[in-house]
Amino acid sequence: MKHVAILGSTGSIGTQALDVVKAHPDRFALYGVSAHSREDAFLALVQAERPRRAVFSRPINAAVPGVAFSFGEEALCDLAADPQVDIVVLAVSGIAALMPLLAALRAGKRVAIANKESLVCGGDLVREALRQGGGELLPVDSEQSAIFQCLQNGRREEVEKLILTASGGPFFQRKREELKDITPAQAVKHPTWSMGRKISLDSATLMNKGLEVMEAARLFGFSGDEIDVLIHPQSLIHSMVAYRDGTVMANLSRADMRLPIQYAMTYPERVPSPARPLKLYEQPSLTFIRPDMDRFPALKMAYFCLKAGGGCPVVYNGANERAAELFFAGELGFLEIEESVAYALDGFVNRPMTGLDDILAADGEARRLVDAFQRTRSFT
Ligand code: NAD
Ligand code: MG
């Protein structure tokens, strides 16, 4: 029996991870949950599931028999490293996942990681925490899970390319000029996946794919030159690995996150899942389009940041997180998201990241640069 802590339990990934835990009462027991907002939803979940521990980001009045409550970031890291926990499902959104990720890895946990921002920003720190604690990092992000599975068919030196597929988001067939007035409601309507609003927006701007290029580089140790992106609007192939003999291994399934979540939890075993099986004869034909880097600056900037290293990936992420907040608040336009990330990258003097303080400082600087961009725009 494995004890599971779901960090970010009220979100899109968090609730699906709970489905997986409940689908296998013989394997998994819910030990702890956390959330950051939507106190009512969180308390309802705790009341219904009765985990042993519950962590909320700020102090709240909560009493549920048998459940120990605690509050704040330290409590979140403490849950991630709790000696009773075997598997941490990291479903927190944003760079806020970095501290609990490091805590879990240092404590030697298996981390089923959905969060990509922490991998992009954490870089060497994550690798170091893995080495120190002897934990395991298993990808949940569908593209990375696909690559992880396809990589099991060969050795590192036999791999030519990782091919990340992208749905292209809701607007990939539109011209850039047509995107100026996109509203938050339009931007979060993803064509093939149902997800939290920040990642849905990131899919529309292609920032999500940019983050995933860097995430794949971090997880599997490949350079930007070895990672391609291919637009595949049907989201049936979740990603591929091209081997040097010309063979391409692809991973296909329905677009259901419970599959990669479960695989990260049961690996190396495969067990029946709550997802419906894929019937290829019911599916539309599959299409693939090479992305135009000039049409999608988010991708171009991600490759630039991966190559530049240092604080650039942190700035890419931090600027994008801040720009997304401003976009949802109606203070930045859709195209201004990528423009403000470019502005932040331009204003940032790159330097090596030697520890957590450097990362948090670069993140803060990126956010301030985006705010400065927004202010200059608001004057004109
Ligand atoms: P979501 O917004 O639906 O849920 C986020 C969860 O994290 C919530 O429980 C929220 O309370 C918590 N949270 C938010 N800010 C926090 C903070 N500062 N500190 C602690 N907890 C915080 O997000 P989601 O769509 O479930 O995505 C979660 C992560 O998984 C993201 O990093 C995303 O990129 C990644 N991911 C999601 C999907 C998907 O299908 N939703 C797929 C691949 C990867
Ligand atoms: Mg993904």
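Residues numbered from 1 in each chain as written. Chains lettered and ligands numbered in written order. Predicted model: local features only at pLDDT ≥ 70, side-chain atom pairs only at ≥ 80, totals over all residues. Heavy atoms only, no water.

## Points about the coordination of the magnesium ion (ligand 2)
Put simply, the ideal angle at a metal is 109.5 degrees for four donors in tetrahedral geometry and 90 or 180 degrees for six donors in octahedral geometry.
Then step 1. The coordination sphere of the magnesium ion (ligand 2), as far as protein atoms go, consists of Asp141 (OD), Glu143 (OE) and Glu212 (OE), spread over 2.0 to 2.1 Å.
Then step 2. For the magnesium ion (ligand 2), the single-chain donor residues occur in sequence as D-x1-E-x68-E. Accessibility assignment for this pair places aspartate 141 and glutamate 143 in one class, buried. (Donors = N, O, S within 2.8 Å, 3.2 Å for Na, K, Ca; no water. Buried < 20%, exposed > 50% of the residue type's maximum accessible area, 1.4 Å probe, protein only.)

## Comments concerning the side chain of arginine 53
Then step 1. Tracing the sequence through the fold places arginine 53 in strand E3 (residues 53–56).
Then step 2. Within the structure, the side chain of arginine 53 is placed 2.9 Å from the side chain of aspartate 82, a separation counted as a polar contact.
Then step 3. Excluding its chain neighbours within four sequence positions, the residues that come into contact with arginine 53 are Tyr31, Gly32, Val33, Val67, Ala68, Ser70, Ala75, Asp78, Leu79 and Asp82. (Helix = DSSP H or I, 4+ residues; strand = E, 2+ residues; numbered from the N terminus. Polar contact = N/O pair within 3.5 Å; in protein donor to acceptor, adjacent residues only side chain to side chain. Contact = heavy atoms within 4.5 Å.)

## Quick notes on the packing of aromatic side chains
Then step 1. Here the structure, examined in full by the defined rule, presents eight aromatic pairs.
Then step 2. Ring geometry for phenylalanine 171 against phenylalanine 334: centres 5.5 Å apart, planes inclined by 85°, an arrangement best described as edge-to-face. Of this pair, phenylalanine 171 sits in the loop between strand E8 (159–166) and helix H8 (184–187) while phenylalanine 334 is found in helix H14 (residues 334–347), placing the two residues 163 residues apart along the sequence.
Then step 3. Over the face of the ring belonging to phenylalanine 328 we find arginine 197, whose NZ or CZ atom lies 3.9 Å from the ring centre. (Phe/Tyr/Trp six-rings, centres within 6.5 Å; stacked < 30°, edge-to-face > 60°. Lys NZ or Arg CZ within 6 Å of the ring centre and 35° of its normal.)

## Re the confidence of the model for the protein chain
Then step 1. Of all residues in the protein chain, 100% attain a pLDDT of 70 or more, and the chain-wide mean is 96.
Then step 2. Here H8 stands out as the element of the protein chain with the lowest mean pLDDT, 94, in contrast to strand E5 (residues 87–90), whose mean of 99 is the highest. (pLDDT = per-residue confidence, 0-100.)

## Concerning helix H7 (residues 142–150)
Then step 1. The buried fraction of H7 is high, at nine of nine residues.
Then step 2. The set of residues buried in H7 consists of Ser142, Glu143, Gln144, Ser145, Ala146, Ile147, Phe148, Gln149 and Cys150.
Then step 3. Looking at the packing, one finds that the buried side of H7 touches strand E7 (136–139), E8, helix H10 (207–220), strand E10 (237–243), strand E11 (248–252) and helix H11 (258–266).

## Considering the layout of surface pockets
Then step 1. In this structure, the second largest pocket encloses a volume near 300 Å³.
Then step 2. Sorting the residues of the lining of the second largest pocket by element identifies helix H5 (117–122), helix H6 (124–133), H10, helix H12 (297–308) and helix H13 (312–328) as the ones contributing at least two each.
Then step 3. The residue makeup of the lining of the second largest pocket, split by class, is eleven nonpolar, six polar and three charged.
Then step 4. Two domains share the lining of the second largest pocket, each providing at least three of its residues, namely domain 1 (2–139) and domain 3 (309–380). (1 Å grid on protein atoms, 1.4 Å probe; cavity = no way out; pocket = protein on both sides within 12 Å on 5 of 7 lines; lining within 4 Å. Points joined across faces, edges and corners; volume = space filled by probe spheres on them. Nonpolar A, V, L, I, M, F, W, Y, C, P; charged D, E, K, R; others polar. Domains from an automatic or database assignment.)

## Here's the deal with the nonpolar core
Then step 1. One finds Leu162, Met265, Tyr316 and Phe334 to be the most contacted residues of the largest nonpolar core, which totals 125 residues.
Then step 2. Examining the composition of this core, we find that ten residues originate from one element, H13, more than from any other.
Then step 3. Listed in part, the five residues of the second largest apolar core include Ile163, Ile237, Met240 and Ala242. (Core = buried A, V, L, I, M, F, W, Y, C linked by side-chain atoms within 4.5 Å.)

## Side note on the site of ligand 1
Then step 1. Not every one of the 23 residues close to ligand 1 is listed here, only the nearest: Thr10, Ile13, His36, Glu117 and Gly196.
Then step 2. In the environment of ligand 1, an oxygen atom lies 2.9 Å from a nitrogen or oxygen atom belonging to the backbone of histidine 36.
Then step 3. In the shell around ligand 1, the residues fall into nine nonpolar, eleven polar and three charged.
Then step 4. A domain split of the shell around ligand 1 shows at least three residues from each of domain 1 (2–139) and domain 2 (141–256 + 274–301). (Near = heavy atom within 4 Å.)

## Points about the environment of leucine 76
Then step 1. Relative to the helices and strands, leucine 76 resides in helix H3 (residues 73–80).
Then step 2. Taking the C-alpha atoms as reference points, leucine 76 and valine 33, 43 residues apart in sequence, are found 9.2 Å from one another.
Then step 3. Excluding anything up to four places from it in sequence, leucine 76 contacts Leu7, Ser34, Val55 and Pro100.

## Brief notes about empty space enclosed by the protein
Then step 1. Under the counting rule described, the total for this entry stands at one cavity of 30 Å³ or more.
Then step 2. In this structure, the largest cavity spans a volume of roughly 70 Å³.
Then step 3. Around the largest cavity sit 13 residues that line it, and Leu179, Ala204, Arg295, Phe296 and Phe334 are the ones nearest its centre.
Then step 4. Within the residue set of the lining of the largest cavity, elements represented by two or more residues are helix H9 (197–205) and H14.
Then step 5. Looking at the lining of the largest cavity element by element, the count peaks at three residues for H14.
Then step 6. In terms of residue class, the lining of the largest cavity is built from eight nonpolar, two polar and three charged.
Then step 7. Residue-level mapping places the lining of the largest cavity at the junction of two domains, with at least three residues from each of domain 2 (141–256 + 274–301) and domain 3 (309–380).

## Observations regarding H3
Then step 1. Among the residues making up H3, those that are buried are Ala75, Leu76, Cys77, Leu79 and Ala80.
Then step 2. Where H3 is buried, its residues meet strand E1 (2–7), strand E2 (28–35), E3, strand E4 (68–71), E5 and helix H4 (98–106).

## With respect to the packing of H7 against H10
Then step 1. Between H7 and H10, whose axes approach to 10 Å, the crossing angle comes to 35°. When you trace H7 past H10, the crossing you get is right-handed. Residues Glu143, Gln144, Ile147 and Phe148 of H7 lie in contact with H10, whose contacting residues are Lys209, Glu212, Glu215, Ala216, Leu219 and Phe220.
Then step 2. Considered class by class, the residues forming the contact of H7 with H10 number five nonpolar, one polar and four charged. (Axes fitted to C-alpha atoms, helices over the stretch in contact; angles between N-to-C directions. Left-handed = near helix turned anticlockwise from the far one by under 90°.)

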